[in-house]
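# Working through the structure, step by step
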Amino acid sequence: MYSSKYLELLIEELVKLPSIGHKSAQRLALHLLRAPREDALRLAEAIRAVRERVAFCTVCGNFTEQDPCPLCVDPERDSTVVCVVEQPVDVLAFERTGRFKGRYHVLGGALSPLDGTSPEDLRIRELLERLRPPEDGGEAAGEIREVILATNPNVAGEATALYLSRLLEPLGLRVTRIARGVPMGSDLEYSDQVTLARALEGRREVE
Ligand SMILES: [Zn+2]
């Protein structure tokens, strides 16, 4: 239907992106065609660079250009506390508060029967691996003493925190949940720094 099969190919690719319908894809493709050539190629190059140079940290699951990531190897950070979050954006949110100096663990989502996200889809096995004491064959030095459950305060995030607290209970660690300073139903990444810092400071033991 287009006079160019390349234009059609581009639209086909754009339509695969989240929340991009056919009309938006068309508009974006035509925009890229009309935009200065350097701008369009810069976008192509940025996509290539991010795919070639950025990967997931095999320890915490955050995005990184080096594995393990700087947050996992920084000797200034407290290796006895791990903050469990849903997404890499949540790590950014906590880092912005400047109040957390421990390590992170990114799950890659939250439990949601509706979207079909089950425990196997999240990095829970990797978390258990990090918590396994060395005498049990764990690679980590068994240093972790507290796990902060910092999943989002919405239905899926609460379900995930509950699931993890039950799972971690027998390990004899301190398991805490961030306080309700963050409004229920919201995403951590949109919380302001003060609210997030308070939620972290007000964390309580999970019963
Ligand atoms: Zn890492």
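A few points on the structure. (Residues numbered from 1 in each chain as written. Predicted model: local features only at pLDDT ≥ 70, side-chain atom pairs only at ≥ 80, totals over all residues. Heavy atoms only, no water.)

### As for the side chain of Thr97
Among the secondary structure elements, Thr97 is positioned in helix H5 (residues 88–97). Accessibility expressed as a relative area gives 13% for Thr97, which makes it buried. Apart from the residues within four sequence positions on either side, Thr97 is in contact with Gln193, Leu196 and Ala197. (Helix = DSSP H or I, 4+ residues; strand = E, 2+ residues; numbered from the N terminus. Buried < 20%, exposed > 50% of the residue type's maximum accessible area, 1.4 Å probe, protein only. Contact = heavy atoms within 4.5 Å.)

### Quick word on the nonpolar core
Among the nonpolar cores identified, the biggest contains 21 residues, and Cys83, Val85, Phe94, Phe100, Tyr104, Ala150 and Ile178 are the most heavily contacted of them. Elements represented by at least two residues in this core include exactly helix H4 (70–73), strand E3 (78–85), H5, strand E4 (102–106) and helix H8 (193–201). Look past the residues within four positions of Cys83 in its chain and what remains in contact with it is Phe94, Phe100, Arg103, Tyr104, His105, Ile148 and Ala150. Core analysis: the next-biggest nonpolar cluster, separate from the first, contains 16 residues, Leu127, Ala161, Leu164 and Val175 among them. (Core = buried A, V, L, I, M, F, W, Y, C linked by side-chain atoms within 4.5 Å.)

### What to know about the coordination of the zinc ion
Around the zinc ion, the donor atoms from the protein are Cys57 (SG), Cys60 (SG), Cys69 (SG) and Cys72 (SG), and they sit 2.3 Å away. Metal-centred angles of 103 to 116° between the 4 donor atoms at the zinc ion mark the site as tetrahedral. Spacing between the donor residues of the zinc ion along their common chain follows C-x2-C-x8-C-x2-C. With Cys57 in the loop between strand E1 (55–56) and strand E2 (63–64) and Cys69 in the loop between E2 and H4, this residue pair connects regions lying 12 residues apart in the sequence. The pair formed by Cys57 and Cys69 is uniform in burial state, with each residue classed as buried. (Donors = N, O, S within 2.8 Å, 3.2 Å for Na, K, Ca; no water. Tetrahedral: all angles 85-135°; square planar, octahedral: opposite > 155°, others 65-115°.)

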